[in-house]
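# Secondary and tertiary structure notes
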Amino acid sequence: MKKTLARGLMNLLPMALSLWLFWSLFVSLDGLGIFILALVGINQHFVGAGFLLVVAIVFAVGLLFSVSPIVWLYGWIERQLMRFPLFKSVYGSIRDIASLMNREGKPNTQQTVLVKQANGGYVVGFIMTDTPPQPLLDALPEGDWVPVLFQLSYQMAGVTSLVNRDDLILVDWSFEEAMRFNLTAGISQTPGAATVKTKVE
């Protein structure tokens, strides 16, 4: 009986949580849209009208940002706001995370690697960029240094370390699959998905 309950829970819980999260997002966006409709004096609406309004607004903003004057104006406003140190730190971090989610039309620069530890084990990491900030390069000993992200399991936090490229082993594994492997501590994985390419020379 215990195994049957555990099997039912393991199959039902992920689906239930996923549906709950998407429903919560739908309700929140629908409420935001209804609030906007109320501001313009429209009080009669159907379920989901607010959600459709928010989607339409996001789509319209996307169209506007294909027009050069709008892009220039937004860039000018952004540059003015970035003069404030606190806003620059918060906004810059959120913008960088958002850019990671939208990789359409851009080359995938995140490379999965293995890094050997002092005890002989290996950890999975990700080369996030091939061009570290110059102040860091100036402070480090001579070498080909790259920032490597080590993702922590069951949370969005991680540790970024500067590692010499000679100490990395490239792995032919997509960023998405390797990230899922790290986030779930190896529980979620595609069999045979990863192969070692070569040690970086």
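Named according to an unreviewed UniProt entry, the protein chain is DUF502 domain-containing protein originating from Shewanella cutis.

### Regarding the UniProt feature "transmembrane region" (unreviewed entry) in the protein chain
Residues given the UniProt feature "transmembrane region" (unreviewed entry) here are residues 12–40 and 46–74. From the first C-alpha to the last, residues 12–40 spans 42 Å; its make-up is 97% helix and 0% strand. Along residues 46–74, the helical share is 79% and the strand share 0%, with 34 Å between the first and last C-alpha atoms.

### Side note on a nonpolar patch on the surface
A cluster of nonpolar side chains, contributed by Trp72, Leu73, Trp76, Ile77, Leu81, Phe84 and Phe87, occupies part of the molecular surface with about 710 Å² of accessible area. Of all the elements, helix H3 (residues 68–81) adds the most residues to the nonpolar patch, at five residues.

### A word on the pairing of strand E2 (residues 122–127)
Note: strand E1 (residues 111–116) against E2, six bridges, orientation antiparallel. In the strand pairing of E2, Lys116 is matched with Tyr122. The antiparallel hairpin formed by E1 and E2 contains five residues in its connecting segment, where Gly120 sits at a positive phi of about 95 degrees.

### Looking at the packing of aromatic side chains
Going through the model one piece at a time under the given rule, you end up with six aromatic pairs. Aromatic pair Phe26 and Phe51: ring centres 5.0 Å apart, planes at 50 degrees, arrangement tilted. Placement of the pair is Phe26 in helix H1 (residues 2–39) and Phe51 in helix H2 (residues 49–64), with a sequence separation of 25 residues. Classification of Phe51 by relative accessible area gives partly exposed; the value is 25%. Members of the aromatic cluster, connected to one another through ring pairs, are Trp23, Phe26 and Phe51.

### Side note on the pattern of salt bridges
Should the charged atoms of two oppositely charged side chains come close, the side chains can pair. The full count for this structure, using the stated rule, is two salt bridges. With a shortest N-O distance of 3.3 Å, Asp130 and Arg165 are connected by a salt bridge. Taken as a pair, Asp130 in the loop between E2 and helix H5 (134–139) and Arg165 in the loop between strand E4 (158–164) and strand E5 (168–172) lie far apart in primary sequence, 35 residues in all. Ionic pairing is found between Arg165 and Asp144, a salt bridge with its closest N-O pair at 2.6 Å. Taken as a pair, Arg165 in the loop between E4 and E5 and Asp144 in the loop between H5 and strand E3 (145–151) lie far apart in primary sequence, 21 residues in all. Connected through salt bridges with shared partners, the residues Asp130, Asp144 and Arg165 form a single ionic network.

What counts, and at which threshold
- Residues numbered from 1 in each chain as written.
- Predicted model: local features only at pLDDT ≥ 70, side-chain atom pairs only at ≥ 80, totals over all residues.
- Heavy atoms only, no water.
- UniProt positions renumbered as here; feature names shortened; annotations may be inferred.
- Helix = DSSP H or I, 4+ residues; strand = E, 2+ residues; numbered from the N terminus.
- Patch = residues over 30% accessible without salt bridge, like charges linked within 9 Å, V, L, I, M, F, W, Y side chains within 5 Å.
- Areas by Shrake-Rupley, 256 points an atom, 1.4 Å probe, with all protein chains shown as cover.
- Salt bridge = Lys/Arg side-chain N within 4 Å of Asp/Glu carboxyl O.
- Pairing = 2+ DSSP bridges.
- Phe/Tyr/Trp six-rings, centres within 6.5 Å; stacked < 30°, edge-to-face > 60°.
- Buried < 20%, exposed > 50% of the residue type's maximum accessible area, 1.4 Å probe, protein only.

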